[in-house]
Amino acid sequence: MRPGRPSLRELIAGPHPDVAPLPPSVAYESGVRVLRGVPCGAVEGSRPLELDLWLPRAAPAGPAPLVLFVHGGAWRRGRRDDMGLRTRDWAPGPFARIAAAGAAVACADYRLSGEAAFPAPLDDLRTALRWLTLRSSELGIDTGRTVVWGESAGGHLASHLALTHTDPPLAGAVVWYGPSDLTTPRDGYDPADPATPEALLIGAAPAAAPDRARAASPVAHVRSDAPPFLLVHGARDTMVSCAHSEVLAAGLKDAGAPVELRTVPGADHGWYGLPDEEVEDIFAHSLGFALRLIT
């Protein structure tokens, strides 16, 4: 093969995400631009991993800080650009609102439990952060000022990432109704059941694989120098007990790490049961928390 000539594999797969040309951005309202379906990871034997990137209006102050959003779906399903049922009809949508407030938003794919077991999804988020850092000058973003924001299963991954990713450390985490402990029985959850989403995530019933279950539990990785956390959870959550956020908040507080716990009366999972204005208030509070850490 002549030097510089691509291999057959490269011709079929396309250029590596680290050097692939960026897709054209699409203008949105308020000066926001959107790049959709950007390749950000290459895993042997896996589907291509992509992200959508919402970029704020160019600012003279320099590169924009970043919100890395992690979608929910019980680690089994979900779309990278979905912040949950109650935000799907917003116009403008939640990511456009964040970008209009001055922060870029990366909505990243990760491998689901039917594709690979934990820690694969966490590895994929690290890969997305690495790619964003590598291409940051082209994108006009500063990944040294990153808040991770996740909902439900994405909240679990966001918590884990914030507690374990140290190069560079994240600036904070916003977690909506995320699981934090895979080891403890709670209402509707039995660690001995091999068919739960948690069991599918780690590849075994948590009770049968306690080391794996503990390693996958954010509460087991609490540290005194953890970044600030905002934990928001419905008091009447029937899918992920509010105790998950309470236990994580207590662990962070005991370790001396900054944490704010907001328990929402009357709210079930996904903010089901709340009036629209209260969901808007939760979003505004969460966005304000993130922006205070990175702007």
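Residues numbered from 1 in each chain as written. Predicted model: local features only at pLDDT ≥ 70, side-chain atom pairs only at ≥ 80, totals over all residues. Heavy atoms only, no water.

1. Focus on the pairing of strand E8 (residues 229-234)
Definition in use: A 1.4 Å probe rolled over the protein chains alone gives each residue an accessible area, and that area as a share of the maximum for its type sets the label: buried under 20%, exposed over 50%, partly exposed in between. A run of H or I in DSSP counts as a helix once it spans at least four residues, and a run of E counts as a strand once it spans at least two, with each numbered from the N terminus. Pairing between strands is defined by DSSP: at least two bridges between them are needed. For crossovers, right-handed means that the path from the first strand over the helix to the second runs clockwise, given strands pointing away from the viewer.
With six of its six residues buried, E8 lies for the most part within the structure. Burial along E8 is two-sided: the residues Phe-229, Leu-231 and His-233 and Leu-230, Val-232 and Gly-234 are all buried. Here strand E7 (residues 172-176) runs beside E8; their pairing, made up of four bridges, is parallel. When the bridges of E8 are listed, Val-174 appears paired with Leu-230. In terms of strand pairing, E8 meets strand E9 (residues 259-264) through six bridges, oriented parallel. Across the sheet, residue Phe-229 finds its bridge partner in E9, namely Val-259. The β-α-β motif built from E8, the intervening helix H8 (residues 243-255) and the parallel element E9 has right-handed crossover chirality.

2. A word on the side chain of Ser-286
Selection rule: Each polar contact in these results corresponds to two N or O atoms within 3.5 Å; when the atoms are within protein, one needs to be able to donate a hydrogen and the other to accept it, and residues that are neighboring in sequence are counted only if both atoms are side-chain atoms. In what follows, residue pairs with any heavy atoms lying within 4.5 Å of each other are defined as contacts.
Among the structural elements, Ser-286 can be located in helix H9 (residues 276-294). Since its relative accessible area comes to 0%, Ser-286 is described here as buried. Polar contacts involving the side chain of Ser-286 include one to the main-chain carbonyl oxygen of Ile-282, which spans 2.8 Å. In contact with Ser-286, not counting residues within four places along its chain, are Trp-149, Val-174, Trp-176, Leu-230 and Val-232.

3. A word on the packing of aromatic side chains
As a reminder of what qualifies: Ring pairs shown here join Phe, Tyr and Trp side chains whose ring centres sit within 6.5 Å, with only the six-membered ring taken for Trp; geometry is labelled stacked below 30 degrees between planes, edge-to-face above 60, and tilted in between.
Applying the stated criterion across every chain yields a total of eight aromatic pairs. Put simply, the rings of Trp-90, Trp-149, Trp-176, Tyr-177, Trp-271 and Phe-283 pair up and form one aromatic cluster.

4. Let's talk about the nonpolar core
The following threshold applies: For this analysis, a nonpolar core means a set of buried residues of the types Ala, Val, Leu, Ile, Met, Phe, Trp, Tyr and Cys, connected via side-chain atoms within 4.5 Å.
Counting residues in each nonpolar core, the largest one holds 48 residues, and the members touching the most others are Leu-51, Leu-53, Leu-132, Val-148, Leu-161 and Phe-229. The contact partners of Phe-229, leaving out residues within four places of it in the chain, are Ser-159, Ala-162, Leu-163, Ala-173, Val-175, Leu-248, Leu-252, Pro-258, Val-259, Glu-260 and Phe-289. Val-67, Phe-95, Phe-283 and Phe-289 belong to the second largest nonpolar core, which has 34 residues in total.

5. Things to note about the confidence of the model for the protein chain
The criterion, for reference: Every residue gets a pLDDT, meaning the predictor's confidence in that residue, from 0 to 100.
For the protein chain, the average pLDDT comes to 91, and 89% of its residues sit at 70 or higher. Across residues 6-14, where pLDDT falls below 50, the model places six contacts with residues more than four positions away in sequence or in other chains.

6. Let's talk about the environment of Cys-242
Relative to the elements of secondary structure, Cys-242 occurs in the loop between E8 and H8. Here the alpha-carbon distance between Cys-242 and Gly-178, two residues 64 residues apart in the chain, equals 8.7 Å. Here Cys-242 is in contact with His-233, Gly-234, Ala-235 and Thr-263, once residues within four sequence places are set aside.

7. Focus on the pattern of salt bridges
Stated formally: Put simply, a salt bridge is a Lys or Arg side-chain nitrogen that is within 4 Å of an Asp or Glu carboxyl oxygen.
Under the defined criterion, the tally for this structure stands at 16 salt bridges. For Glu-280, the salt bridge identified is with Arg-97, shortest N-O distance 2.7 Å. Here Glu-280, found in helix H9, pairs with Arg-97, found in helix H2 (residues 94-100); they are 183 residues apart in sequence, far enough to count as distant. Here Glu-280 falls in the partly exposed class, since its relative accessible area comes to 30%. Residue Asp-142 is joined to Arg-145 by a salt bridge in which the shortest nitrogen-to-oxygen separation is 2.9 Å.

8. Regarding the layout of surface pockets
Our working rule: Grid points spaced at 1 Å and placed over the protein atoms alone form the basis of the search, with a cavity being a set where a 1.4 Å probe fits but cannot get out and a pocket an open set showing protein on both sides within 12 Å along at least five of seven lines. Lining residues have an atom within 4 Å of a point. Grid points are joined across faces, edges and corners, and a volume is the space filled by probe spheres set on the points. Gly falls in the polar group here, along with every residue not listed as nonpolar (Ala, Val, Leu, Ile, Met, Phe, Trp, Tyr, Cys, Pro) or charged (Asp, Glu, Lys, Arg).
Quantified by volume, the largest pocket comes out at close to 720 Å³. Around the largest pocket, the lining is made up of 35 residues, and of these Ala-74, Ser-152, Met-239, Val-240 and His-269 lie nearest the centre. Residue classes in the lining of the largest pocket are distributed as twelve nonpolar, 13 polar and ten charged.

9. Structural notes on the packing of helix H3 (residues 120-134) against helix H5 (residues 153-164)
Keep this limit in mind: Think of each axis as a best-fit line through the C-alpha atoms, taken over the contacting stretch in the case of a helix, with angles from 0 to 180 degrees between the N-to-C directions. Left-handed is the label given to a crossing in which the near helix is rotated counterclockwise from the far helix by less than a right angle, and right-handed is the label when the rotation is clockwise.
H5 packs onto H3 with a crossing angle of 65° between their chain directions and a minimal axis gap of 10 Å. When you trace H3 past H5, the crossing you get is right-handed. Along its contact with H3, which presents Pro-121, Leu-122, Leu-125, Arg-126 and Leu-129, the element H5 presents Leu-157, His-160, Leu-161 and Thr-164. Residue composition of the contact of H3 with H5, grouped by class: six nonpolar, two polar and one charged.

10. Examining the side chain of Arg-80
As for its position among the elements, Arg-80 is in the loop between strand E4 (64-70) and H2. At 3.1 Å, the side chain of Arg-80 forms a polar contact with the side chain of Asp-52.

11. Notes on H9
Worth spelling out the cut-off: To estimate the expected span of a helix, count its residues, drop one, and scale the result by 1.5 Å.
Taking 1.5 Å per residue as the helical rise, H9 with its 19 residues ought to reach 27 Å, and the 27 Å between its terminal C-alpha atoms agrees with that figure. Of all the positions in H9, only Val-279, Ile-282, Phe-283, Ser-286, Leu-287, Gly-288, Phe-289, Ala-290, Leu-291 and Ile-294 are classed as buried. Against the buried residues of H9 lie E4, H2, strand E6 (141-151), E7, E8 and E9.

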